[in-house]
Structure formats: C-alpha cells, structure tokens
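Listed here are the chains, written in short residue letters.
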Amino acid sequence: MNSLKTVKKAINGCKKSFGKVIEEHKVTLYRVSRTILSDDQDSADAIQETILNAYEGIGKLREPCYFKTWLIRILINECNQIHRKRKNIIPIEQLGETSTEEQGFKELEVMELFTSLPSTESQLLKLYYIEDLSVADLALLYETSENTIKTRLRRTREKLRRILFQSEEAELWINGNNN
Amino acid sequence: MDQWEQQLKKSVNQSMPENVDRTISDTLSTLPARKTKQKGVMYSFISVASLFLIIISMSLFSPSFASSMKNLPIVGSAFEYANNAGIIKGAEEGLVTAIGEEVTIDGNTVIFTDTLYDGSQIHIGYMEEWDEELGHRDFPVNVLFTVNGRDIGSYGWGGTGEYLDDGWYAGTISIRIPDLPDSFKLGIKPFERNAWSVELPVEKKGESETIMVNEVKESGELSLSYNTVTFHPTSTAISMNSSYPEEYDDEFHRLDYHIVDENGRIIQSTSASGSGQVKNGLYLNEYSLFYEPLKEKPKELTITPFLFGETDNDIAFVRAPWKKEEVTLSQGEVGSVTVHDVVSEEHTTYITYTLEGKHASYQSQSLWMEDQEGNEYRSYTTPHYNESTGEYRLAFDKVPVLEDSLIVTVELETVQFFDDLLITIPFSND
C-alpha cells in the first residue's frame, strides 16, 4: 500500500495503519536514537515514548508527507530528555562492541573525532549518514533549506578533515588506503 | 568517500537489536483503539516550520507563566556580555528595549532581559541559571516563536552565550522573521507541552536605509541578481538571487562573497539565510546575506563572488607558540596573519591580529588556539575589526594557560574569484 495513504489512514484514527507506518520507520528511529543515546534500553524507552506521543498527536498532523520528519523530531526530543536526565554521554568503550577488534578500533577513532565537534554539528553529520534520511529530510528536521544543510555538512566534514590531519595516520584515513 | 566516512556510515546504520524490536511490537500492541475521524475533513496547508507546532497533550505537566521582573534578583543585561558587533552597536545607539520576564524551565530560572530590533534581526538577551554539574540548559533549541500570539512561517535563528561566575549564563538569541510589524509581542514556548511560555515586547528602533540595486551579472551558466543593500544599525544586509543548472549545485551552492568599501576595508560576514528550488533543470535560490554593521554609509561597496576549493588536498596546519611577543604565521598562497597580542579576561581569551593578503574575510576566521595538551579553543563569533588600527580581535573560550599555548592557522588555497560577476554599488550621501 502507498505509504502516504497509510499515513492518512493513521491520521484519521486507524490503529492498524499507525502500526504499519511505525514498522516502516522503526529501523530509522532506532538509528537516529543511537546518534544521541549510548544504550539500547534507553533507545527502546525513547522509541516507546515517541510511539505513544505520536499516537496521541497524529490526529493533528496536517500534511502526511511530513510524517517521517515529524516522528523523528518527537524522537529527538525524547532522546534529548533521556540524555539530559542521565547525562548519557556515549561511552567510547561501548561503540565497537559489535565489531571485530580491528573494526572496533576504527569505529572508536571515528567516534572520538566527534568529541572535537560541537554536538549540533556531530549530530547533523551522523544523521546525514543514516540510510533513509535524505538532505531534504534533514532540511525539514532543522527547519532550513537544503543548501544550508549542505553547507553545514561541508563545513563539518572540512573541520573533521582538519582534525584528522593533525594525527600521523590522517592521510590514510582521508584517502581510504589504510592497508 | 573518505575512510572515516565509510566507517561512520557503518556505525550509524546498525541493525536493530531484538529487544528494541520487541519493545516496539509490545508498545504497538497495547495502543488503545481510537475513534476514527469522519472522512472528508479538509486540511489547510501549513508551512514546514509550523508543522512542528503539533503539541502532544501531556496533562502531567502544569504550565507556569511568565512573571514580572520585580520579584527577581538583579542580574543585569545579558547584552552586556555579547560579542556580536550588531548587538554592541545597537546597545551603544540606545536601541535596546529593556524587559524582565522570568520563566522556569526544567527547574532553572530564565530571565529575558532585553530585546533589540532594527528591522533586520531580533536579538533577545537572557540570563539563565546554571549549575556546575549540568551546565546551562539547551532551552533555546526546542522552542517555537510566535508573533502577537500567532504561529509564524519559516524563520531562522541562532544563539550564543557566556558562563558567568555567579551562577548565571548570559545568552543571546538572534532571530530572523520576514514581514514583521514595527511593534509586536514575540512569544517563545517549547515545541512540546505548554510547560512555560513568555511574550516579549519588541519594538523597531533606529533608522535603516535600503538601496535598490536590481542588477544582474552572468558568468557562463551562473547568473546572479543583486537586489538590494540595506544599512541597518546592527547589520548590513544584501538581498540577492542566483540561478544555475542543477548539475552545478555541488559547486555553486558554496558561493561566497568578498565585500570591500572604497577604502579597501573588508566587510565581515556574520550570517546568511536562503532557500532554493529546482525548476526546469535550474537551481533558483534567494539569499539574504548579513554583514557587520557600518558606522557610516560607505561611498561604494564592491561585491566579488568567490569559491574556495574543496579541501581534498592535504591541509597544512601552521602553529606557533605564544611567547608574549608579535608572531607571524603563514597562511600559504593567500597571505599571512600577524598576532600582536593574546590576553585572557575572566572567561574569555582575546587574540588581536592583522592580516596580509587580499582574502581577509576568509583569512580572518581561520585562526584558533590550542593548549599544550592539544585542546582546541575556537571562536564561534565574527572577529571585531578596529577601523582605526586595522586590527582584528577574536574572542575564544578562555585558554587556561596562555604561556606556550599555540596559535594555529592553516595554509589556505587560492580563492577562485568571479570577476565577471563583480559589482560595484555606489551610494549617495543624501
């Protein structure tokens, strides 16, 4: 079924359609939540609250095409609340837990880089690399133009590259020949 | 794609673990049934910005309302701590409207102390309680603005601030909203839940002058239309449009502008906003570019669009320790920076410097400091330019120990100027 039609049905109060659109976006929700929260249980809590709030408020959503970004904004607010309550800064040691040792090491280094950036910049960059989130989605989320998002992404990437170049391995990271 | 990007992409696209998936299924299965709405309900179009006005009803939270300043401790004006050249100039010219509205946000007191509006941006000063453990709240992040109680369409805003020793954070918010009346109430409230709200009086003060330009310049398939230049008391605003084929967007959306007056003084950029759309294969963009305020209207301004290259090549960092004496650092092909002084005050470190080279608007912000442990101290404000000395002054978070801290810049690549898009706009001094 057309996703937009499903959203419209959900807006009109159809519980089954609401479930369908949540199922459709659940992986994205999880990935977005993990850009803010370090723990799967916290992510689960944030997503649960998001679902409840979205179910309560979807009747007021006037444009079905904005459902995804509307949902993600609710999620980000929930994640920020949990993050604030628990001061849940991502412990570096947890980041590579599902990877092989070598991959984990690389992941560590990449995520360490983000501590050098203001949180708004690192958040935007992480969201950008999530599959299923387009620049257009980010523009809606951040209430700005796609051009502004692109410019901010470019500047953040440049900043990260500059930081990378300060380490001896930087060149390898930049050109991708880390053999 | 760089390797770090590949790694990041992998990191943020993890598959969902079973326990999260189970929580989602459980939550969905326990949702109560709802009364279905009648068909045929018509919805009017709402803008992207107002889309997020949808409020989730949470009766657990009771609203608290703004109260008057009279019961509050005296905290002073947040604008006293602002580094923004526009706010400083606006305050000097007496354009600030003093207010005193207090709200409690997540248990912390926030006092809105001033507003400043000259027809360009609205600046709001606020003092916010903070504690050493939690720092200040990021309250401006999740808020909505209203004008005279009504939701507004698209708008842009940003903010900055400074921690004070006495437990307050002095913050400023700058908002750009099109088509405003001269006097109005600016409402601020959270995105979700009516836990608090405030209505701030805003009054347009000061004289602005708009000069119609209406000139189009073309370079190949890139077309720029210079519309107006407005001299506001707190900023210099340029309105323009651009168009170019869609396939050139990666390159041309990075277009920047080098602006000098008749004396060669470089006008510093402060912010920009814009929107664009693709129509018949062409990117059509509208921009409002904001630059530092000028004390006097210049005889002319020359605007030269430029592009600086993507930084795929190696970046050379140039570092020099601060030895309490003048030091010059190369900025590669574009010139050099000479640091004359570095001083720390209570919360802030200031670097005073001059530039050699013709890309000063680009050079002047490529400067930061590092301590001996490699911690970086960067500025997120525009450098202040002293017309009488020709010196720039940049403010950073305080560098704990200045001695042997490093001043850092980068070797910058030559900028590509578009001379055929250059425009010189004369201004009469009527």
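Just so we're clear, the structure is a prediction, and the values are computed from it rather than from any experiment. (Residues numbered from 1 in each chain as written. Chains lettered and ligands numbered in written order. Predicted model: local features only at pLDDT ≥ 70, side-chain atom pairs only at ≥ 80, totals over all residues. Heavy atoms only, no water.)

(A) Spotlight on the overall build of chain A. Helices and strands together make up the secondary structure of chain A, namely 10 helices and zero strands. Its helices and strands taken in sequence order, chain A reads α-α-α-α-α-α-α-α-α-α from the N to the C terminus. Among the 179 residues that make up chain A, the fraction classed as buried is 59%. In chain A, once contacts between residues fewer than 6 apart in sequence are set aside, the share between residues at least 24 apart is 64%. Accessible surface for chain A amounts to roughly 7800 Å². Of this, 47% is attributable to carbon and sulfur atoms. (Helix = DSSP H or I, 4+ residues; strand = E, 2+ residues; numbered from the N terminus. Buried < 20%, exposed > 50% of the residue type's maximum accessible area, 1.4 Å probe, protein only. Contact = heavy atoms within 4.5 Å. Areas by Shrake-Rupley, 256 points an atom, 1.4 Å probe, with all protein chains shown as cover.)

(B) Broad picture of the overall build of chain B. Scanning chain B from N- to C-terminus turns up six helices and 29 strands. Split into buried and exposed, the 430 residues of chain B put 50% on the buried side. When the accessible surface of chain B is split by element, carbon and sulfur atoms take 46% of a total near 20700 Å².

(C) Molecular detail of helix H7 (residues 119-128) of chain A. Counting buried residues in H7 of chain A gives seven out of 10 residues, a clear majority hidden from the surface. Restricting attention to buried positions, one finds in H7 of chain A the residues Glu121, Ser122, Gln123, Leu124, Leu125, Lys126 and Leu127 of chain A.

(D) Region of interest: the sheet that holds strand S17 (residues 282-291) of chain B. Residue and element names in this part refer to chain B. Reading across from one edge, S12-S13-S14-S17-S16 is the order of the five strands in this open sheet, with antiparallel pairing throughout. The strands lining the two open edges of the sheet, one partner per strand, are strand S12 (209-219) and strand S16 (269-279). Each strand of the sheet is rotated relative to its neighbour by a mean of 15°, with strand direction disregarded. Judged from the 10 bridges that link them, S16 and S17 form a sheet pairing that is antiparallel. Across the sheet, residue serine 269 finds its bridge partner in S17, namely tyrosine 291. (Pairing = 2+ DSSP bridges. Axes fitted to C-alpha atoms, helices over the stretch in contact; angles between N-to-C directions.)

(E) Spatial organisation of the pattern of salt bridges. Following the criterion strictly, the structure yields 15 salt bridges over all chains and no others. Aspartate 21 of chain B is the salt-bridge partner of lysine 26 of chain A, the closest N and O atoms lying 2.8 Å from each other. Here lysine 26 of chain A is found in helix H2 (residues 15-34), whereas its partner aspartate 21 of chain B is found in helix H2 (residues 18-29) on a different chain. (Salt bridge = Lys/Arg side-chain N within 4 Å of Asp/Glu carboxyl O.)

(F) Quick look at H2 of chain B. Taking 1.5 Å of rise per residue, 12 residues should cover 16 Å, and H2 of chain B covers 16 Å from first to last C-alpha, within 8% of that figure. Within the sequence span of H2 of chain B, burial applies to Val20, Thr23, Ile24, Thr27 and Leu28 of chain B. The arc that holds every buried residue of H2 of chain B, seen down its axis, measures 130°, which confines them to one face. In H2 of chain B, those exposed residues whose orientation departs by more than 90 degrees from the buried face are Glu18 and Ser29 of chain B. The elements touched by buried residues of H2 of chain B are H2 and helix H3 (40-57) of chain A. (Expected span 1.5 Å × (residues − 1). Arc of directions from axis to C-beta.)

(G) Quick peek at the nonpolar core. Among the nonpolar cores identified, the biggest contains 52 residues, and Phe18 and Phe67 of chain A are the most heavily contacted of them. Both domains that furnish three or more residues to this core are identified here as domain 1 (1-89) and domain 2 (100-179) of chain A. With residues up to four places along the chain from it excluded, the contact list for phenylalanine 18 of chain A reads Ala10, Ile51, Ala54, Tyr55 and Ile58 of chain A together with Leu28 and Leu31 of chain B. Counting residues in hydrophobic clusters, the runner-up holds 33 residues, among them Val334, Ile351, Trp368 and Leu394 of chain B. (Core = buried A, V, L, I, M, F, W, Y, C linked by side-chain atoms within 4.5 Å. Domains from an automatic or database assignment.)

(H) Local environment of the packing of H2 of chain A against H2 of chain B. Two numbers describe how H2 of chain A lies on H2 of chain B: the axes approach to 11 Å, and their chain directions differ by 160°. Compared by their axis directions, H2 of chain A and H2 of chain B come out roughly antiparallel. Crossing of H2 of chain A against H2 of chain B: the hand is right-handed. Packed against H2 of chain A, whose contacting residues are Lys15, Phe18, Gly19, Ile22, Glu23, Lys26 and Tyr30 of chain A, the element H2 of chain B presents Val20, Asp21, Ile24, Ser25, Leu28 and Ser29 of chain B at the interface. Residue composition of the contact of H2 of chain A with H2 of chain B, grouped by class: six nonpolar, three polar and four charged. (Parallel < 35°, antiparallel > 145°, perpendicular 65-115°, else oblique. Left-handed = near helix turned anticlockwise from the far one by under 90°. Nonpolar A, V, L, I, M, F, W, Y, C, P; charged D, E, K, R; others polar.)

(I) Representation of the confidence of the model for chain A. All names here are of chain A. Looking at chain A as a whole, the pLDDT averages 75, with 74% of positions reaching at least 70. Summarising per-element confidence for chain A, the mean pLDDT is lowest in helix H5 (residues 92-95) (36) and highest in H2 (91). Note on residues 88-106: pLDDT under 50 across the span, and 30 contacts to partners over four residues away in sequence or across chains. When the criterion is pLDDT under 50, residues 167-179 qualifies, and its contacts beyond four places in sequence or with other chains add up to 24 contacts. (pLDDT = per-residue confidence, 0-100.)

(J) Here's a closer look at a positive patch on the surface. Residue and element names in this part refer to chain A. Taken together, the side chains of Lys5, Lys8, Lys9, Lys16 and Lys20 define a basic patch exposed on the protein surface. Of all the elements in the fold, those that place two or more residues in the positive patch are helix H1 (3-11) and H2. Considering each element in turn, the positive patch owes the most residues, three residues, to H1. Within the secondary structure, lysine 5 is located in helix H1. (Patch = residues over 30% accessible without salt bridge, like charges linked within 9 Å, V, L, I, M, F, W, Y side chains within 5 Å. Lys, Arg positive; Asp, Glu negative; His and termini not counted. Charge placed at Lys NZ, Arg CZ, Asp CG, Glu CD.)

(K) Local environment of the environment of tyrosine 163 of chain B. All names here are of chain B. Among the structural elements, tyrosine 163 can be located in strand S8 (residues 156-163). Under the relative-accessibility criterion, tyrosine 163 is labelled partly exposed at 34%. Between the C-alpha atom of tyrosine 163 and that of tryptophan 130, which follows or precedes it by 33 residues, the distance is 8.3 Å.

(L) Geometry of the pairing of S8 of chain B. Residue and element names in this part refer to chain B. Two strands pair when backbone bridges link them, and S8 and strand S9 (residues 168-176) are joined in this way by eight bridges, in the antiparallel orientation. Opposite tryptophan 157, over in S9, you have isoleucine 175 as the bridge partner. What sits between S8 and S9 in their antiparallel hairpin is a turn of four residues, with glycine 167 showing a positive phi close to 90°.

(M) View of the side chain of histidine 25 of chain A. Residues and elements named next belong to chain A. The topology assignment puts histidine 25 in helix H2. Look at histidine 25 and you get buried, because its relative accessible area is 10%. Excluding anything up to four places from it in sequence, histidine 25 contacts Phe67, Lys68, Leu71 and Asp132.

(N) Representation of the packing of H2 of chain A against H3 of chain A in the model. Residues and elements named next belong to chain A. At their nearest, the axes of H2 and H3 sit 10 Å apart, and the two run at 145° to each other. Of the two possible hands of crossing, H2 and H3 adopt the one that is right-handed. On H3, the residues touching Lys15, Phe18, Ile22, Leu29, Tyr30, Ser33 and Arg34 of H2 are Asp40, Ser43, Ile47, Ile51, Ala54 and Tyr55. When grouped by side-chain class, the residues that make up the contact of H2 with H3 number eight nonpolar, two polar and three charged.

(O) Examining the pairing of strand S21 (residues 336-344) of chain B more closely. Residue and element names in this part refer to chain B. In terms of strand pairing, strand S20 (residues 327-330) meets S21 through four bridges, oriented antiparallel. Each bridged residue has a counterpart across the sheet, and for valine 327 the counterpart in S21 is valine 339. With eight bridges connecting them, S21 and strand S22 (residues 348-356) associate as antiparallel partners. Note that in S22 the partner of aspartate 341 across the bridge is threonine 352. Between S21 and S22, which pair antiparallel and follow one another directly, the connecting turn spans three residues.

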